[in-house]
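# Inside the fold
In case you want the letters, here they are:
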Amino acid sequence: MATEIIAAPTAPTRFSGLREFWYYFSMNRGAVIGLVVFVLLILVAIFAPLIAPFPADQQFRDFIRMAPPFAGGTQPQFLLGTDEVGRDILSRLIYGARYSLFIGFFVVTAALFTGVTLGLLAGYFRGWVDALIMRVMDIILAFPSLLLALVLVAILGPGLFNAMLAIALVLQPHFARLTRAAVLSEKSREYVTSAKVAGAGNLRLMFITILPNCLGPLIVQATLSFSNAILEAAALGFLGMGAQPPTPEWGTMLARAREFITSAWWIVTMPGLAILITVLAINLIGDGLRDALDPKLKRS
Amino acid sequence: MAIVLEASNLVRDYHIGGTLFGGGRTVHAVKGVSFRLEQGKTLAIVGESGSGKSTLARILTLIDRQTAGELKIDGETIDIAKTGVTAAMRRKVQIVFQNPYGSLNPRQKIGDVLMEPLLLNTDMPKAERRDRALEMLTKVGLLPEHFNRYPHMFSGGQRQRIAIARAIIMRPSLLVLDEPVSALDLSVQAQILNLLADLQDEFGLTYVFISHDLSVVKYIADEVMVMYLGEAVETGTRDKLFSNPEHPYTKALFAATPRADVESIKARLARKAALASA
């Protein structure tokens, strides 16, 4: 009997939280626009082979550095023109979205996982564990991030995967610090003591009792890091240390196009615009999330 | 009656500071407190802020260890510095905290709050845990449909009921109540105190009730211990202590209680008038 009574109210309570979140999120018009752009980007990346007019590495030797139709080009099938070896830029950008989003997801997941674990350990155990972990994080933060990533890639060898590892390592101290600060403030709350008295061990206290209450700022940091990761991967690609040609990664495309910046502006502009729009969209989402998740900014 | 709790000469020191240039100093939070408590009785510990009440509570609930002294629960000597805290010990002592808004995990449903002690300390199957939790929920005056709700959907009084349910779901022999009603408004205070009294009758619970509110203590306590600067300055039955306080601090404490009966208000007004006319 009891099961029947209590089964019903589950759904409304869970959804009311979501609905409230959506209410505050949708108040921020920029965030909603960012979300729409981001969802479109994901769809483009998933369905790249269906959407792209040509394969990413198909060369049209008759139409090298063809301007886009709106800038005086004569070939309407190349919507954004062709690059220095006659590949369709639009197709390359569409395939490149896959790389950029994958970089974002991979880097954020890796950085989030290690950063949160380290921060949790530091904040929970304090003492020498805390000192050791946080001093290492301080050392990583003391380097300019791109420079450190560059050095790491130089050691590991250039390549997209190594670049992602390097970026994850560089971004991870932010997560560790944020988690540690949140854990410190949550740990002294009475519900943690209650769980301890109820018999919860260290692992349960850390991951089940404390961590879910620290997620708000971490989600925001994760979205902002997502765009950071894409930017840094593009920067590494531009410096020749990230994805290697002919991979249609946006940063790498920029690097190859540098010498044509005066003669064929579209080759360098289009990947740059793609990076700009993606990063802007994600940052807008991040800002919206921060406003929606921070109770202090809520208008009641 | 069986003695549930016996403390002899409990001491708790805190070491503070200890920088590069000088050793720290030691604060004696609890200085040799002894008492014994029979099953089914309520011991109230009264005292001002900083008198060591809460430190004592943390020792009794095995959150912190004592620096010295002996603690016996159900006749067993317990020293968590040596043995750690076992599931068997957890089953004996539980605590209810003062602040009902801080003592429940905001991301944990009420059902999970109640089932957590069972999950961690017993090997009960899930269905049985659920039944126990539902039973406890109704025992403390809540409804079965509250099982799947989150703490923010409850009022302070309801949250305190949940905290009480969580504390007694393991059927502990000793329940430490650390100012359980001082964060609640008066009418709710009365409800919670009545609930505590009912539960004590039903389960034969033994309470250590920590409070600074003497009217509450007068209502619920069998015995009273007055603490001042870490020492138990006076211990006795409620009637004896309230009618005939001996220690000067106890007298001062009782004198500091604001009174709201008609006589004392009239007396106060008369004093005021006398002062004004003088």
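Residues numbered from 1 in each chain as written. Chains lettered and ligands numbered in written order. Predicted model: local features only at pLDDT ≥ 70, side-chain atom pairs only at ≥ 80, totals over all residues.

Another aspect to go through is the overall build of chain A. When its secondary structure is counted, chain A shows 13 helices and zero strands. Along chain A, helices and strands appear, N-terminal first, in the series α-α-α-α-α-α-α-α-α-α-α-α-α. If one aligns the C-alpha atoms of chain A with their principal axes, the spans along those axes are about 75 × 50 × 35 Å. Per-residue burial for chain A yields a buried fraction of 42% across its 300 residues. Taking contacts inside chain A between residues at least 6 apart in sequence as the whole, the part at least 24 apart equals 70%. (Helix = DSSP H or I, 4+ residues; strand = E, 2+ residues; numbered from the N terminus. Buried ≥ 20, exposed ≤ 12 C-beta atoms within 10 Å, placed from the backbone. Contact = placed C-beta atoms within 7 Å.)

Residue and element names in this part refer to chain A. Residues of helix α10 (residues 202-210) that are buried include every one of Met-206, Thr-209 and Ile-210, and no others. Looking straight down α10, one finds that the buried residues subtend no more than 125° of arc, so they occupy a single side. Where α10 is buried, its residues contact α5 (89-125), α8 (160-187) and α9 (190-197). (Arc of directions from axis to C-beta.)

In this section: helix α1 (residues 53-60) of chain B. All names here are of chain B. Counting buried positions along α1 yields eight of eight residues, so the element is predominantly enclosed. Lys-53, Ser-54, Thr-55, Leu-56, Ala-57, Arg-58, Ile-59 and Leu-60 are the residues of α1 that are buried. One or two positions beyond α1, positive phi appears at Leu-62, with a value near 65°.

Before going further, it helps to examine the pairing of strand β7 (residues 174-178) of chain B. Residues and elements named next belong to chain B. Of all five residues in β7, five are buried; the element is thus mostly enclosed. Looking at chain direction, strand β6 (residues 93-96) and β7 are connected through four bridges and run parallel. In the sheet register, Ile-95 faces β7, and the bridge partner there is Val-176. Both β7 and strand β8 (residues 206-211) contribute to a ladder of five bridges, which runs parallel. The partner of Asp-178 across the bridge, within β8, is Ile-210. Each parallel crossover has a hand, and for β7 linked through helix α7 (residues 186-203) to β8 it is right-handed. (Pairing = 2+ DSSP bridges. Right-handed = clockwise from strand over helix to strand, strands pointing away.)

A few words now on the interface of chain A and chain B. Taken together, the contact pairs 20 residues of chain A with 25 residues of chain B. Listing elements by their share of the side of chain A that touches chain B, those giving two or more residues are α1 (2-7), α2 (10-27) and α9 of chain A. If you tally residues by element for the side of chain A that touches chain B, the top one is α9 of chain A, at seven residues. Among the residues making up the side of chain A that touches chain B, the classes are represented as ten nonpolar, seven polar and three charged. (Nonpolar A, V, L, I, M, F, W, Y, C, P; charged D, E, K, R; others polar.)

Glancing now at the nonpolar core. If you look at the biggest cluster of nonpolar residues, it comprises 154 residues, and the most contacted ones within it are Ile-167 of chain A together with Val-208 of chain B. Broken down by element, this core gets its largest block of residues, 19 residues, from α5 of chain A. Discounting residues that sit within four places of it in the chain, Val-208 of chain B has contacts with Leu-43, Ile-45, Leu-60, Leu-174, Val-176 and Leu-177 of chain B. (Core = buried A, V, L, I, M, F, W, Y, C linked by C-beta atoms within 7 Å.)

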